Amino acid sequence: MDRDLVERAAAGDQAAFADLVHQVSDTLFGIARRILRDPGLAEDVLQNALVTIWRKLPHLRDPDRFEAWAYRILVNACYADAPRNRQWASTVRVLPIDRVNDADDYQSISDRDELERAFRQLPLDQRAVFVLHHHSGLPLVAVAEALGIPDGTARSRLHYATLALRAAFVASRARDDLREGRLA
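As the structure is a computational prediction, the values presented were derived from the model and not from experiment.

Mind laying out the overall build of the chain, listing which residues take part and the relevant values?
Counting its secondary structure elements, the chain contains eight helices and zero strands. What you see in the chain, going N to C, is helices and strands ordered as α-α-α-α-α-α-α-α. Considering only intrachain contacts with a sequence separation of at least 6, the fraction spanning at least 24 residues in the chain is 66%. Accessible surface computed for the chain: about 11,100 Å², of which carbon and sulfur atoms make up 52%.

I'd like a description of the environment of Asp26, backed by residues and values.
Within the secondary structure, Asp26 sits in helix α2 (residues 14-36). Judged by its relative accessible area of 64%, Asp26 falls in the exposed class. Sequence separation of Asp26 and Leu46 is 20 residues, and the distance between their C-alpha atoms is 9.8 Å.

Describe the nonpolar core, listing the residues and the values that go with them.
Of all hydrophobic cores here, the largest spans 54 residues; its most connected members are Ile35, Leu57, Phe66 and Leu74. When residues of this core are traced back to their parent elements, those giving at least two are α1 (3-10), α2, α3 (39-56), α4 (66-81), α5 (103-121), α6 (124-135), α7 (140-147) and α8 (151-179). The residues touching Leu74, leaving out its near neighbours within four places in the chain, are Leu28, Ile31, Ala32, Val45, Leu46 and Ala49.

For the pattern of salt bridges, give the residues involved together with the corresponding values.
Scanning all chains against the criterion turns up 10 salt bridges. Its salt-bridge partner being Asp4, residue Arg8 comes within 3.4 Å of it at the nearest N-O pair. Highlighted residues: Arg8 and Asp4, both in helix α1, separated by four residues, approximately one helical turn. In this structure Arg8 comes out as partly exposed when scored by relative accessible area, which is 36%. We classify Asp4 as partly exposed; its relative accessible area is 40%.

Pulling in residues and values, what's your account of the packing of α2 against α4?
The contact between α2 and α4 brings their axes to 10 Å, and the two run at 40°. Relative to α4, the element α2 lies oblique. In this structure, α2 crosses over α4, and the sense of that crossing is right-handed. Across the interface between the two elements, Leu20, Val24, Thr27, Leu28, Ile31, Ala32, Ile35 and Leu36 from α2 touch Phe66, Glu67, Ala70, Tyr71, Leu74, Val75 and Cys78 from α4. Per-class residue counts for the contact of α2 with α4 are 13 nonpolar, one polar and one charged.

Analysis parameters
Residues numbered from 1 in each chain as written. Predicted model: local features only at pLDDT ≥ 70, side-chain atom pairs only at ≥ 80, totals over all residues. Heavy atoms only, no water. Helix = DSSP H or I, 4+ residues; strand = E, 2+ residues; numbered from the N terminus. Contact = heavy atoms within 4.5 Å. Areas by Shrake-Rupley, 256 points an atom, 1.4 Å probe, with all protein chains shown as cover. Buried < 20%, exposed > 50% of the residue type's maximum accessible area, 1.4 Å probe, protein only. Core = buried A, V, L, I, M, F, W, Y, C linked by side-chain atoms within 4.5 Å. Salt bridge = Lys/Arg side-chain N within 4 Å of Asp/Glu carboxyl O. Axes fitted to C-alpha atoms, helices over the stretch in contact; angles between N-to-C directions. Parallel < 35°, antiparallel > 145°, perpendicular 65-115°, else oblique. Left-handed = near helix turned anticlockwise from the far one by under 90°. Nonpolar A, V, L, I, M, F, W, Y, C, P; charged D, E, K, R; others polar.

Remember that the coordinates give geometry; whether it matters functionally is a separate question.
Listed below in structure tokens is the structure:
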């Protein structure tokens with residue numbers, strides 16, 4: 001991130017802030033979408049986070065830390081909005097009709113759906129760590145810093161999220177094996 005751009009935006013330059021938003025909004029939206037599992041809600045949360053970022057930007061102490069600071073504001077906005085929007089939102093996937101269907105394709109869709117259900121069951125704090133680490137590619141130290149939590153807490157949340165997802169996937173495979181008459 002360009003330090004000069006952040007400093008100009010912090011000084012009230014709207015064009016500089018628009019450039020900052022242009023640079024980080026796709027990443028922030030991806031993070032919110034993956035944490036909340038709802039594109040519409042993620043858009044709303046992103047808008048609220050961007051307003052908060054604009055209001056609090058003059059108080060940012062270190063312009064070099066802008067991205068981590070923006071991640072923290074976004075994740076906190078996700079935490080704040082998620083309890084108000086607890087209804088389950090389905091994600092409809094359109095499958096092409098003209099494609100040759102293989103049994104593996106059905107298994108792949110089933111696996112994705114099972115992982116999606118398991119991911120929705122994770123607490124938001126575990127989802128946030130998982131998304132920032134695996135989707136955004138941040139090292140756990142940077143994730144902890146972005147979320148304002150100790151390193152050990154970030155590692156613990158990632159560990160428990162991974163265990164829960166793995167357990168859901170193994171359980172799904174065991175159910176499929178039983179349905180097909182194979183021994184687990």
